[in-house]
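Here is how the chains run, residue by residue.
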Amino acid sequence: MTPRLAALIFFTLGLAISAAAGQPQQGKVLYYRDPMDRPYYSAEPKKDEMGMDYIAVYEGEEDSGQAPPPPAAPVPAAKGKILFYRNPMGLPDTSPVPKKDSMGMDYIPVYEAETGDETGTVKIGLAKVQKLGVQSAPVERRRLSRTIRAVGTVQADERRLYIVNTKFEGWIDKLYVNATGETVRRGQPLMEIYAPELVVAEREYLLAWRSLQDMADAGPEIRKSASQLAEAALQRLSNWDISADQVKRLQRAGTVTRTLTLRAPADGTVMEKMAVEGMHFTAGDPLYRIADLSSVWLTAEVFEQDIGLLHRGQDVTIAVNAYPGTEFTGKVDFIYPTVLQETRTGKVRIVVPNGDGRVLAIPDSAVIDSGTRQAVLIERGEGTFEPREVRLGARADGFYQVRQGLSGGERVVVSANFLIDAESNLRAALKAFIPPDDKKPGE
């Protein structure tokens, strides 16, 4: 062995002996500190990011120049063992030993009794629950409501429409209901018609019925034949919708009348009148279209995302511009199965009771009809009148139904309106002939 190698070995052994001689008696390990003297501690042996072992700190070494971590608070027996320490600001950072955050705040111990079970249950102290203002609500069954707004149009109920026609050919001799918009009652006379075939059928029945009456004392076979002829003639009249009341009147009169009265099949409003006095009609030609408006349909355009919230029988509240402040009620009757590609809306049919049959109306004398446009004059007060174009609907009892152009509560001129309209047109015409610079003195 060379002298240099011997000295090296001696130095190493001497260092080991010296260290062993200066080491105090080892006691209980309090904690483990970072080998690079950084403020990192561990309750269990561990290595740092470079693979160096943490250094054990024993009892009696707390004042060796290495600052120990803050002493842990005494653990109440009720809370159990401290599992870890969590960040005081709620950040996702934990520590196995007591420590402080960047602001000097102590990490908060988390006890075994405070941790949740395997289902994720979290336990929070009652004092903290009160500070956080935690509130709870019961789980219950209840009706959920949401308002869906949509626009729609009102139309007659298709199930309450009636077409008046005949099953025979004839001519209209006289009209009793001669205007669209008139209100009719069931059984009310609509017109007097003349039908040659009907006159012949009535005469045949009347002869058969008289023969049956005259053969009261005849034999059974003869009475049976007369009865069959009368029944056949009556069946022919019945097939032509001749009512039993009309047959009885024919029997009482004993003579055939030239015309037959055609009556309304139901209560309603005349929506369309094709019949004209003196007109010839054939079997099946429509003469009137009558609608029972005691119940109407409202077809609403509902956006696609709201259709799924609707169902049949659902209550609906309806507001109409013609009646400000007035609400109507209805029920969803049918949800159409298609959605319009252009607007992404679907149609929903709502049935609305209309017992009073109210519509916005004005006297027919208020209308100024030029043939291509219909207008009225609105009274503004102090001799001021505003012409306004309107759209009208049915006419009945001296009134027009207003579909567009007017609101409830406005006043319209019902007399001398043609003179006011003529003066308005004259002033407009004069202004067209006067150049803008050629004003009269005082203007």
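Predicted model, so just to flag it, every value in this text is computed and none were measured.

Some words on the side chain of R349
With respect to the secondary-structure elements, R349 resides in strand β19 (residues 345-353). A polar contact of 2.6 Å, which involves the side chain of R349, links it to the side chain of D333. Apart from the residues lying within four places of it in its own chain, the contact partners of R349 are W297, L298, K331, V332, D333, F334 and Y336.

What about the packing of aromatic side chains?
What the rule picks out here adds up to 3 aromatic pairs. Measuring from centroid to centroid gives 4.9 Å for F334 and Y336, while their planes differ by 75°, and the two rings are edge-to-face. The class for F334 is partly exposed, based on a relative accessible area of 33%. The ring centre of Y194 lies 4.6 Å from the NZ or CZ of R258, which sits over that ring. Geometry around W297 places R349 over its ring, the cationic atom sitting 4.2 Å from the centre.

A short note on a nonpolar patch on the surface
Together, M89, L91, M103 and M105 make up an exposed nonpolar region whose accessible area comes to about 430 Å². With respect to the helices and strands, the residue M103 is situated in the loop between β5 (94-95) and β6 (108-111).

Describing a positive patch on the surface
Together, K248, R249, R252 and R263 make up a region of like positive charge exposed at the surface. Among the elements that line the positive patch, the one with the most residues is helix α5 (residues 244-253), at 3 residues. Topologically, R263 is positioned in strand β12 (residues 260-263).

Overview of the sheet that holds strand β13 (residues 268-273)
Strand order in the open sheet formed by 4 strands is β8-β15-β13-β10, with antiparallel pairing between adjacent strands. Looking at the sheet topology across the chains shown, the edges are occupied by β8 (161-164) and β10 (183-184).

A short note on the packing of helix α3 (residues 196-214) against α5
At a minimum axis distance of 11 Å, the contact between α3 and α5 shows a crossing angle of 60°. By the criterion of interaxial angle, the relationship of α3 to α5 is oblique. Regarding α3 and α5, the two cross each other, and that crossing is right-handed. The residues of α5 that touch α3, namely those facing E202, Y205, L206 and W209, are V247, L250 and Q251. Looking at side-chain class alone, the contact of α3 with α5 contains 5 nonpolar, 1 polar and 1 charged residues.

Conventions used here
- Residues numbered from 1 in each chain as written.
- Predicted model: local features only at pLDDT ≥ 70, side-chain atom pairs only at ≥ 80, totals over all residues.
- Heavy atoms only, no water.
- Helix = DSSP H or I, 4+ residues; strand = E, 2+ residues; numbered from the N terminus.
- Polar contact = N/O pair within 3.5 Å; in protein donor to acceptor, adjacent residues only side chain to side chain.
- Contact = heavy atoms within 4.5 Å.
- Phe/Tyr/Trp six-rings, centres within 6.5 Å; stacked < 30°, edge-to-face > 60°.
- Buried < 20%, exposed > 50% of the residue type's maximum accessible area, 1.4 Å probe, protein only.
- Lys NZ or Arg CZ within 6 Å of the ring centre and 35° of its normal.
- Patch = residues over 30% accessible without salt bridge, like charges linked within 9 Å, V, L, I, M, F, W, Y side chains within 5 Å.
- Areas by Shrake-Rupley, 256 points an atom, 1.4 Å probe, with all protein chains shown as cover.
- Salt bridge = Lys/Arg side-chain N within 4 Å of Asp/Glu carboxyl O.
- Lys, Arg positive; Asp, Glu negative; His and termini not counted.
- Charge placed at Lys NZ, Arg CZ, Asp CG, Glu CD.
- Pairing = 2+ DSSP bridges.
- Axes fitted to C-alpha atoms, helices over the stretch in contact; angles between N-to-C directions.
- Parallel < 35°, antiparallel > 145°, perpendicular 65-115°, else oblique.
- Left-handed = near helix turned anticlockwise from the far one by under 90°.
- Nonpolar A, V, L, I, M, F, W, Y, C, P; charged D, E, K, R; others polar.

Interpretation note: all reported values are geometric properties and have no functional meaning in isolation.
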